[in-house]
Every structure is written in structure tokens, then in C-alpha cells.
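Structural characterization, general
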Amino acid sequence: MTPTTFLNRIALIACAVMTTSCAASRQTSTVAPARLLLPEAATRPCALAVLPAGPTVADLEAAYVLRGSQIVACDGARRLAVETLLAERALQDRQGRGEGD
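Residues numbered from 1 in each chain as written. Predicted model: local features only at pLDDT ≥ 70, side-chain atom pairs only at ≥ 80, totals over all residues. Heavy atoms only, no water.

A few words now on the overall build of the chain. From N to C terminus, the chain includes three helices and zero strands. Across the 101 residues that make up the chain, the buried fraction comes to 8%. Considering only contacts in the chain between residues 6 or more positions apart, those separated by 24 or more positions represent 59%. For the chain, the computed accessible surface area is about 8600 Å², with 65% contributed by carbon and sulfur atoms. (Helix = DSSP H or I, 4+ residues; strand = E, 2+ residues; numbered from the N terminus. Buried < 20%, exposed > 50% of the residue type's maximum accessible area, 1.4 Å probe, protein only. Contact = heavy atoms within 4.5 Å. Areas by Shrake-Rupley, 256 points an atom, 1.4 Å probe, with all protein chains shown as cover.)

Under the definition given, this model contains one disulfide. At a sulfur-sulfur separation of 1.7 Å, the disulfide partner of C46 is C74. Linking C46 and C74, the disulfide has an S-S dihedral of approximately 80° and is accordingly described as right-handed. With a gap of 28 residues between them, C46 in the loop between α2 (40-43) and α3 (57-97) and C74 in helix α3 connect regions that are remote in the sequence. Relative accessible area serves as the criterion here: at 42%, C46 is assigned to the partly exposed category. We classify C74 as partly exposed; its relative accessible area is 26%. (Disulfide = S-S within 2.5 Å.)

Below, the discussion takes up α3. Its 41 residues place the ends of α3 60 Å apart at the C-alpha level, agreeing with the 60 Å of an ideal helix rising 1.5 Å per residue. Of all the residues in α3, the buried ones are A63, Q70, A77, T84 and E88. The elements touched by buried residues of α3 are α2. (Expected span 1.5 Å × (residues − 1).)

To continue, consider the environment of A81. Residue placement: A81 occurs in helix α3. Along the sequence, A81 and A42 sit 39 residues apart, while their C-alpha atoms lie 5.3 Å from each other. When neighbours within four sequence positions are excluded, A81 is seen to be in contact with L38 and A42.

So, about the pattern of salt bridges. A side chain of one charge can pair with a side chain of the opposite charge when the charged atoms of the two come close. What the rule picks out here adds up to four salt bridges. In this structure, R35 and E88 form a salt bridge, with 3.6 Å as the shortest nitrogen-oxygen distance. One end of the pair, R35, is in the loop between α1 (3-24) and α2; the other, E88, is in helix α3, and 53 residues separate them in sequence. For R35, a relative accessible area of 65% gives the class exposed. A relative accessible area of 11% places E88 in the buried class. Here R78 ties to D75 by a salt bridge, and the two come within 3.1 Å at their closest N and O atoms. Linking R78 with D75, this pair stays in helix α3, spanning three residues, or about one helical turn. (Salt bridge = Lys/Arg side-chain N within 4 Å of Asp/Glu carboxyl O.)

What follows is the structure, given as C-alpha cells:
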């Protein structure tokens, strides 16, 4: 009895197992996942007001008000980006389940 017969049987079994597992696996989709364009406001960096070298009380008050409005605008852009991402993921999930629009 030669050892090659035993190795041939193992190779045949391994090949059969691999073929079976490939046949049972889910087919991969050739369709690209859905992508939404991120709005320009969500991709722009947030600007924050800075004080001049020798700030006065008026400079402090103006920067305080301006920075507050800039933070609100930045938070709105962040929310827009998050909503876009969640909508894109929902589209990809529906596409993965095979649901049409």
C-alpha cells in the first residue's frame, strides 16, 4: 500500500467539500451598491471666529455671537451628513434584500 492513495482520497474529499461550500454560498452581486452624493454643505470644514491680537470687549462680544451662529451652521451640516449616510445605508440594505424602488 502506497501513501499516495491515502493522500489522493484526502485531496478528493477536500475538493468535494470546497466545491459544495462554494455551490451553497450566496451569489455575489455585480451591481455596485447605491451611493448618494453628500451635500456640499456637509463636506465643507466648519469655520470658527477667532479673536484679533489685542481684543476689546466689543471684539469678544462680536466673536461670541459669530461663533454661536457658526456652531449652529456646523451642527446642521453634520446632521445633513448623518442623514445622507443613513439614507445610503437604507438603500444598500434594500438593494441587498432585492427590493426594488
